[in-house]
Amino acid sequence: MSRKKIYNPLSKEGVDDRSIISGNPTGLVELTKVKYQWAINIWDLMLANTWFPKEVDMTTDARDYKSLSVDEKRMYDLVLSQLIFMDSIQTNQLQDNINPFITAPEINVLVARQSFEEALHSSSYAVMVESISQNTEEIYDMWRKDPILYRKNSYIASVYDELVSNPTDEMKVLAMYAVQILEGIYFYSGFTAMYTLARAGKMLGSAQMIRFIQRDEISHLLMFQNMLNSLRKERPELFTKAVEDRAYQMFEDATKMEIEWGQHISNNKILGFTDQIIDQYIKYLCDNRLKAVQLKPLYNVQHPIKWVDKFSQFNEQKSNFFESTVSNYSKGSLSFDDF
Ligand SMILES: [Fe+2]
Ligand SMILES: [Fe+2]
């Protein structure tokens, strides 16, 4: 199945005929009438959530970083390095491999905005790296030296590569699951490690940056969950047993990989971020993501660290922690039940 045409004047496709993949759009981005109202709701949310990395105050982090323990420093650096990879791959993947196959204009604009946000996240990591290190390449190059990091990055990229190399409609569905997994599982050991440091009063600017990033990633997660759920309604024949079996396998592999990563960065001893907690938390997240796209949970475990959910919200910090200019950007929190 080839990429959609950029301009397709012979198309007579009406709004009600739009489809998420394999449609026949004219190429005009007509948003006055839309088929997928959820896409406009998420678009409005993304615009309302606009923020700028340079407005997060990192001055205390530069000082805090020097007094982190060796293990804490190692964890912080590895987390940054891995997050940098994921936003890098997303920035390009969405534009190069996902959007060309999406045929509903109201979803094309969402994916374009998502790609911009992933690029913004890359720029936020640049601010973070520059504020803590004189030798910025040390962090950018960690994947060359750390075998577990290299393996995680390579695995994520290999799944994407395989799915986009043969873009049948079934493969496009699987690519959507892969994006959902990246947005909803692969970030979370890293995010939680940052919140663990901040909960102990360390690297508060970094945690604030991560809150902004996570808020964006949640809207990306909602996008792909909605895409999968809408697609299941309009093209139920694509959700075959073979496709769902592969999806379950991808979720299971990702869960194992993310648990291994979390345990690798924390060394089972950083501020209560233990191997057991990481194992249970990632399994809990996996179940949540599965249920959101009408698949069955695999692990049936409870959330082991509920403080993380509150800690990641903007309205839960002590008021004088951060610059007021940053707080002004927090235009409300986001729940998974909003759409
Ligand atoms: Fe991102
Ligand atoms: Fe994202």
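Residues numbered from 1 in each chain as written. Chains lettered and ligands numbered in written order. Predicted model: local features only at pLDDT ≥ 70, side-chain atom pairs only at ≥ 80, totals over all residues. Heavy atoms only, no water.

(A) Here's a closer look at the coordination of the iron ion (ligand 2). Distances from the iron ion (ligand 2) to its protein donors, namely E118 (OE), E183 (OE), E183 (OE), E217 (OE) and H220 (ND1), fall within the range 1.9 to 2.2 Å. Separating the iron ion (ligand 2) from the iron ion (ligand 1) is a gap of 3.6 Å, bridged by E118, which donates to each. On the criterion of helical spacing, the pair formed by E217 and H220 is a turn pair, its members being three residues apart in helix α10 (residues 204–234). One exposure class covers both E217 and H220, and it is buried. (Donors = N, O, S within 2.8 Å, 3.2 Å for Na, K, Ca; no water. Helix = DSSP H or I, 4+ residues; strand = E, 2+ residues; numbered from the N terminus. Buried < 20%, exposed > 50% of the residue type's maximum accessible area, 1.4 Å probe, protein only.)

(B) Examining the coordination of the iron ion (ligand 1) more closely. Coordination of the iron ion (ligand 1) by the protein is provided by D87 (OD), E118 (OE), H121 (ND1) and E217 (OE), with metal-donor distances spanning 1.8 to 2.2 Å. Bound by four donor atoms, the iron ion (ligand 1) shows angles of 88 to 132° at the metal and therefore tetrahedral coordination geometry. Read in sequence order, the donor residues for the iron ion (ligand 1) give the motif D-x30-E-x2-H-x95-E. (Tetrahedral: all angles 85-135°; square planar, octahedral: opposite > 155°, others 65-115°.)

(C) Here's a closer look at the nonpolar core. Grouped together as the largest cluster of nonpolar side chains are 103 residues, with contacts concentrated most on Y76, I107, M128, M176 and Y177. Counting residues per element, this core draws most heavily on α10, which supplies 13 residues. Excluding its chain neighbours within four sequence positions, the residues that come into contact with Y76 are M58, Y65, L68, M128, I132, M194, L197, M203 and S206. (Core = buried A, V, L, I, M, F, W, Y, C linked by side-chain atoms within 4.5 Å. Contact = heavy atoms within 4.5 Å.)

(D) Spotlight on the environment of V127. The residue V127 is located in helix α4 (residues 105–132) in this model. Residues V127 and D44 lie 83 residues apart in sequence; the distance between their C-alpha atoms is 27 Å. Setting aside anything within four residues of it in sequence, one finds V127 in contact with P53, K54, M58 and M209.

(E) Representation of the pattern of salt bridges within the structure. In total, this model carries 14 salt bridges according to the counting rule given. The shortest N-O distance in the salt bridge between D169 and R235 comes to 3.0 Å. Taken together, the residues span a long stretch of sequence, with D169 in helix α8 (residues 169–186) and R235 in the loop between α10 and α11 (241–266) at a distance of 66 residues. Through salt bridges with shared partners, a single network forms among D169, K172, R235 and E237. (Salt bridge = Lys/Arg side-chain N within 4 Å of Asp/Glu carboxyl O.)

(F) Region of interest: the packing of aromatic side chains. On inspection of all chains with the given rule, the structure shows 10 aromatic pairs. For the ring pair W51 and F212, a centre distance of 4.8 Å and an interplane angle of 10° mean the geometry is stacked. Note that W51 is positioned in the loop between α1 (37–48) and α2 (59–66) and F212 in helix α10, a separation of 161 residues in sequence. Accessibility assignment for this pair places W51 and F212 in one class, buried. With 6.2 Å between their ring centres and 75° between their planes, Y177 and F251 make a pair best called edge-to-face. One end of the pair, Y177, is in helix α8; the other, F251, is in helix α11, and 74 residues separate them in sequence. Joined through ring pairs, the aromatic side chains of W51, F212 and F314 make up one cluster. Sitting above the plane of the W307 ring, R199 keeps its charged end 4.2 Å from the centroid. Here the guanidinium or amino end of R211 rests over the ring plane of F311, the centre of that ring lying 4.9 Å away. (Phe/Tyr/Trp six-rings, centres within 6.5 Å; stacked < 30°, edge-to-face > 60°. Lys NZ or Arg CZ within 6 Å of the ring centre and 35° of its normal.)

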